[in-house]
Amino acid sequence: MANPPFGRLITAMVTPFSDDGSLDLDEARRLAAYLVDEQGNDALVINGTTGESPTTDDGEKSELLKAVVNEVGDRAKIIAGVGTNETAATIKRCRDALEAGCDGLLVVTPYYSKPPADALLEHFLLVADATDLPVMLYDIPGRSAIPIPEDTLIELARHPRIVAVKDAKGDLVSSAKVMSVTDLAYYSGDDALTLPLMAVGGVGVVGTSTHFSGAATKEWMDLVAEGAHEDALEIYRRLLPVYTGVFATQGCMLVKAGLASRGFNKTVLRRPLKAASPSQARTFVQLLEAAGL
């Protein structure tokens, strides 16, 4: 796909909190600018699960979206994480994202409820009909308890505003089948699987380690697009320990630890998560350094 709808490099941005647990909007603006201007992100996901979205209320989500849109919306696309396990609540968040000036929506499979396939189809169609914003489906059965069935993805691809999938299913054959019969743009939801997914038609990544590996990841993705596969593979292999290491515990815990080592001044997480241990933080920073990041 020559022109993916949200570019190739997308980071699911962590949400900075102050010491008292409140949103730190100044640090959020600073982080967004770093991700766009230094790491080269084409788009940012705000209020995704890496951003601890289960712990922020709708008002905080809107504030964060507006702050990031105002900071970098002229240089990158802003995708709002809006998915919940209730259709009405998801639609409300879609409209909040539109009002905040976002460029797209990330809609996760309703978690815990485990709706049957026909109800799941209707959920996504109702959400896509709620605004004029393009939709990226988030297929992550490890968290939502169910995958989006292939037939459902193919049917959803007929909707003019459902344009992409964040693919964290871990089934490259299934993803390849859907890509072969639809125009859906597939983004890897697992940093380490980005290159294998691109080999069967994927277009890029919605990453976590890309808070640090973004520029280098974009470099090898551009090389893939140019057909320089051996050069791309060399960079990918250098980054692979970082791609996997960021998930040694919850990704946002290690991202915040890594950011602290780079001069970002808030590492607070909201419960039930907590800061990475000194050992976990040290190990991850060492992986970054070993990869030349």
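In the nomenclature of an unreviewed UniProt entry, the chain is known as 4-hydroxy-tetrahydrodipicolinate synthase of Propioniciclava sinopodophylli. In its Sequence similarities (unreviewed entry) section, the UniProt record describing the chain reads: "Belongs to the DapA family." Regarding the chain, the relevant UniProt record gives this comment under Pathway (unreviewed entry): "Amino-acid biosynthesis; L-lysine biosynthesis via DAP pathway; (S)-tetrahydrodipicolinate from L-aspartate: step 3/4."

Caption draft 1: Layout of the overall build of the chain. Scanning the chain for helices and strands turns up twelve helices and eight strands. On the principal axes, the C-alpha backbone points of the chain span a range of 45 × 45 × 35 Å. Within the chain, buried positions represent 54% of all 293 residues. The centroid of the 27 positive side-chain charges in the chain is displaced by 4 Å from the centroid of its 39 negative side-chain charges.

Caption draft 2: Quick look at the packing of aromatic side chains. Using the criterion set out here, one finds four aromatic pairs in the structure. Measuring from centroid to centroid gives 5.7 Å for F212 and F284, while their planes differ by 70 degrees, and the two rings are edge-to-face. With F212 in helix α9 (residues 210-226) and F284 in helix α12 (residues 278-290), the pair connects residues that are 72 residues apart, well separated along the chain. A relative accessible area of 3% means that F212 is categorised as buried. The buried category is assigned to F284, whose relative accessible area is 1%. Grouped by ring-pair contacts, the aromatic residues W220, Y236 and Y243 constitute a single cluster. Here the basic side chain of R30 rests over the ring of F264, its NZ or CZ set 4.4 Å away from the ring centre.

Caption draft 3: Broad picture of empty space enclosed by the protein. For the coordinates displayed, the defined rule picks out four cavities of 30 Å³ or more. Here the largest cavity defines a volume of roughly 70 Å³. For the lining of the largest cavity, the elements supplying multiple residues, two or more each, are α1 (25-37) and α11 (251-261). When its residues are assigned to classes, the lining of the largest cavity shows five nonpolar, no polar and three charged.

Caption draft 4: View of the UniProt feature "active site" (unreviewed entry) in the chain. As recorded in UniProt, the sites labelled "active site" (unreviewed entry) are Y138 and K166. Spanning 29 residues, the named residues form one tight spatial group whose C-alpha atoms are at most 4.7 Å apart. If you take the residues mentioned a moment ago, the ones lining the largest pocket come down to Y138 and K166. Relative to the elements of secondary structure, Y138 occurs in strand β5 (residues 135-139). Of the residues examined, Y138 reaches a relative accessible area of 8% and is grouped as buried. Ignoring any residue separated from it by four or fewer positions in sequence, one finds Y138 in contact with T49, L106, V107, V108, T109, I148, K166 and A168. Filtering out sequence-adjacent residues up to four positions away, K166 remains in contact with L106, M136, L137, Y138, D139, Y187, G189 and V206.

Caption draft 5: Representation of the nonpolar core in the model. M13, L44, V68, I78, L105, L137 and W220 are the most contacted members of the largest nonpolar core, which totals 77 residues. At seven residues, the largest contribution of residues to this core is made by α1. Here L44 is in contact with I10, T11, M13, A32, L35, V36, V68, V72, K77, I78 and I79, once residues within four sequence places are set aside. A12, A43, Y138 and I140 belong to the second-largest nonpolar core, a separate cluster that totals 17 residues.

Caption draft 6: Region of interest: the packing of helix α10 (residues 229-245) against α12. α12 packs onto α10 with a crossing angle of 160 degrees between their chain directions and a minimal axis gap of 8 Å. The orientation of α10 with respect to α12, classified from their angle, is roughly antiparallel. Once α10 is placed against α12, the crossing between them reads as left-handed. Taking contact as the criterion, the partners of P241, V242 and G245 in α10 are, on α12, F284, L287 and L288. Split by residue class, the contact of α10 with α12 holds five nonpolar, one polar and no charged.

Caption draft 7: Structural view of the environment of S209. By secondary structure assignment, the location of S209 is in the loop between β8 (204-207) and α9. The spacing of S209 and T11 is 198 residues in sequence and 8.2 Å in space, taken between C-alpha atoms. Ignoring sequence-local partners within four residues, the contact set of S209 consists of D191, V242, Y243 and V246.

Caption draft 8: Spotlight on the pairing of strand β1 (residues 9-12). Where burial is concerned, the two faces of β1 agree: the one with L9 and T11 and the one with I10 and A12 are both buried. By the bridge criterion, three bridges tie β1 to β8 in an arrangement that is parallel. Within β8, the residue paired with I10 across the bridge is V206. In this region the chain leaves β1, passes through α1 and returns to the parallel neighbour strand β2 (residues 43-46); the handedness of that crossover is right-handed.

Calculation criteria
- Residues numbered from 1 in each chain as written.
- Predicted model: local features only at pLDDT ≥ 70, side-chain atom pairs only at ≥ 80, totals over all residues.
- Heavy atoms only, no water.
- UniProt positions renumbered as here; feature names shortened; annotations may be inferred.
- Helix = DSSP H or I, 4+ residues; strand = E, 2+ residues; numbered from the N terminus.
- Buried < 20%, exposed > 50% of the residue type's maximum accessible area, 1.4 Å probe, protein only.
- Lys, Arg positive; Asp, Glu negative; His and termini not counted.
- Charge placed at Lys NZ, Arg CZ, Asp CG, Glu CD.
- Phe/Tyr/Trp six-rings, centres within 6.5 Å; stacked < 30°, edge-to-face > 60°.
- Lys NZ or Arg CZ within 6 Å of the ring centre and 35° of its normal.
- 1 Å grid on protein atoms, 1.4 Å probe; cavity = no way out; pocket = protein on both sides within 12 Å on 5 of 7 lines; lining within 4 Å.
- Points joined across faces, edges and corners; volume = space filled by probe spheres on them.
- Nonpolar A, V, L, I, M, F, W, Y, C, P; charged D, E, K, R; others polar.
- Contact = heavy atoms within 4.5 Å.
- Core = buried A, V, L, I, M, F, W, Y, C linked by side-chain atoms within 4.5 Å.
- Axes fitted to C-alpha atoms, helices over the stretch in contact; angles between N-to-C directions.
- Parallel < 35°, antiparallel > 145°, perpendicular 65-115°, else oblique.
- Left-handed = near helix turned anticlockwise from the far one by under 90°.
- Pairing = 2+ DSSP bridges.
- Right-handed = clockwise from strand over helix to strand, strands pointing away.

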